[in-house]
Every structure is written in structure tokens, then in C-alpha cells.
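# Structural characterization, general
Below are the chains, spelled out letter by letter.
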Amino acid sequence: QQQVKQSPQSLIVQKGGISIINCAYENTAFDYFPWYQQFPGKGPALLIAIRPDVSEKKEGRFTISFNKSAKQFSLHIMDSQPGDSATYFCAASPFIGNQFYFGTGTSLTVIP
Amino acid sequence: NAGVMQNPRHLVRRRGQEARLRCSPMKGHSHVYWYRQLPEEGLKFMVYLQKENIIDESGMPKERFSAEFPKEGPSILRIQQVVRGDSAAYFCASSEGLEETQYFGPGTRLLVL
């Protein structure tokens, strides 16, 4: 049973465009939602994270939008660059430090 | 400040052999988590340990798999009598405390022939 559903599976965006990746969850006990970026052959690296007490968090070109009532959250990458090409995973946890439940990943390709 | 370190980075084993994967958490981190990643899939939680204690092993197969995090030294994930289905990338993460975010190591890619 997949606790966190992620879409799309793959995404191709033109350089300068906006990349949007969506995740949905069912467990209302989740209250910490990180996004990780993974390059081939590397471990996941924390990109940005949000708690459900805010609806949006922005760090540079990366923004998380959170809709608590719909149990959905999304990652927006503004002004996408070829260097952003990687696999992105959303995750959820009942609280920071407990096990993370990961989405299945989105392979992003930003073409010049 | 060195990040989470894992070794070996790549490990090849024949069916029936044992695999030992090591993880050194970030300095000052006393919480360690192990995840498994199959090709084209997300990471699946296996086990959560603190020094000398297994806190949650709900994601770890009951047979052939074990984990430890001794008082001194790295955390070790041990897979006995490996089978082809164990081929995957195994990632370790560490955190400073119970309510701190997790930082991942580079992973160990296990191939079972």
C-alpha cells in the first residue's frame, strides 16, 4: 500500500519553465513533508520541507504548496535549469524523526 | 562536517553469501535509519536505530536481515544468505534527534549474482 502517491512519473520541461510535481496522502497523522532531490548514483538530498501549519514555503526557486483539506502538496521549481534534472521524491512522516514514507519519484529533465 | 558515510559503495555477492553494509552517521547524530530502493521505485523504510537500540524494525524482513548500531563504530545492516531479490540500493540516513530531519548517505548498491 503506497502511503504517498506521486505524479507524474516523468516530466520534461523547457529551460526557464516551471516544473510542478504533485503528491497526495491519506494518513492525517502526517505532519512533516520533505522533498528530496536525487542525482544518479547519489543519495537523496533534502531540498525543502513544510509543516501543515503553513500553506506555502519558498526557498529560492523552489516552492512547496500545501493543501491540508485536500491532503495534497506539490513542489514548484521556477525558472527550471538543466542542472535541476534529477529525480525528485516527496515524503511524509508523522513527525520529524520517525520513518519517512516516500513517493515513487519523478524523473525531471530540463532541456536547454 | 562530513556527511553520512556508507561503505562499500558497491557490493557484489553470490547467492547464499552474506552482505554487510556499514553506515557512519553525521557527527553528533545518534539516530540512524536504513532504507531500501529498488530500481525505478521510491525508498522503503527498513529500520530505525539509536545507539545500542532498535527502535522500529517494522520495515525489515523477519528473516535473513538484521541491523545494529553499537555504542562504538558504525551502524551495520547485515543480510544473510542473499538472494537475487536483495539486489537494490541501500541508503542510510541520520538525524540529530527524534524530531530532526534526516540526512542521507550516498548508498550501497548491492548486486546479487
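Use the structure listed above.
A brief structural summary. Just so it is clear, the structure is predicted and the values come from calculations on it, not from any experiment.

## Quick word on unusual backbone geometry
The amide bond that connects Ser 7 of chain A to the next residue, Pro 8 of chain A, takes the cis arrangement and shows omega of -5 degrees. Following Asn 7 of chain B, the chain continues into Pro 8 of chain B via a peptide bond in cis, with omega recorded as -5 degrees. Here Pro 8 of chain B is to be found in the loop between strand S1 (5-7) and strand S2 (10-13). Backbone geometry places Lys 71 of chain A, a non-glycine residue, at a positive phi of 55 degrees. Relative to the helices and strands, Lys 71 of chain A resides in the loop between strand S7 (62-67) and strand S8 (72-77). A positive phi is found at Glu 52 of chain B, a non-glycine position, where the angle reads about 65 degrees. Mapped onto the fold, Glu 52 of chain B is located in the loop between strand S5 (43-50) and strand S6 (53-56).

## Looking at the side chain of Ser 93 of chain A
Position of Ser 93 of chain A relative to the elements: it lies in the loop between strand S9 (86-92) and strand S10 (101-102). Contacts of Ser 93 of chain A, omitting those with residues within four sequence positions, involve Ala 29, Phe 30, Asp 31, Tyr 32, Asn 98, Gln 99 and Phe 100 of chain A.

## Focus: the nonpolar core
Core analysis: the largest hydrophobic core is formed by 24 residues, its most contacted members being Phe 33, Trp 35, Leu 47, Phe 73, Leu 75, Tyr 88 and Leu 108 of chain A. For this core, the element with the most residues is S9 of chain A, which contributes four residues. Of all hydrophobic cores here, the second largest spans 23 residues; its members include Leu 11, Leu 21, Val 47 and Tyr 90 of chain B.

## With respect to the state of the cysteines
Residue and element names in this part refer to chain A. The final tally for this structure, using the stated rule, is two disulfides over all chains. Disulfide pairing places Cys 23 opposite Cys 90 at an S-S distance of 1.9 Å. Taking the sign of the torsion about the S-S bond as the criterion, the disulfide between Cys 23 and Cys 90, at about -95 degrees, is left-handed. You can see Cys 23 sitting in strand S3 (residues 19-25) and its partner Cys 90 sitting in strand S9, a full 67 residues away along the chain. Cys 23 sits in the buried class, given a relative accessible area of 3%. With relative accessibility at 0%, the residue Cys 90 sits in the buried group.

## Quick notes on the packing of aromatic side chains
All names here are of chain A. Across all of its chains, the model carries 20 aromatic pairs over all chains by this definition. Aromatic pair Tyr 25 and Phe 66: ring centres 6.2 Å apart, planes at 20 degrees, arrangement stacked. Placement of the pair is Tyr 25 in strand S3 and Phe 66 in strand S7, with a sequence separation of 41 residues. Residues Tyr 25 and Phe 66 agree in their burial class; the two are buried. Their ring planes at 55 degrees and their centres at 6.2 Å tell us that Tyr 25 and Phe 73 sit as a pair that is tilted. A residue pair is termed long-range when its members are at least 10 positions apart, and Tyr 25 in strand S3 and Phe 73 in strand S8 qualify at 48 residues. You'll find Tyr 25 and Phe 73 in the same group, each marked buried.

Parameters at a glance
- Residues numbered from 1 in each chain as written.
- Chains lettered and ligands numbered in written order.
- Predicted model: local features only at pLDDT ≥ 70, side-chain atom pairs only at ≥ 80, totals over all residues.
- Heavy atoms only, no water.
- Helix = DSSP H or I, 4+ residues; strand = E, 2+ residues; numbered from the N terminus.
- Contact = heavy atoms within 4.5 Å.
- Core = buried A, V, L, I, M, F, W, Y, C linked by side-chain atoms within 4.5 Å.
- Buried < 20%, exposed > 50% of the residue type's maximum accessible area, 1.4 Å probe, protein only.
- Disulfide = S-S within 2.5 Å.
- Phe/Tyr/Trp six-rings, centres within 6.5 Å; stacked < 30°, edge-to-face > 60°.

Keep in mind these values describe shape, not function.
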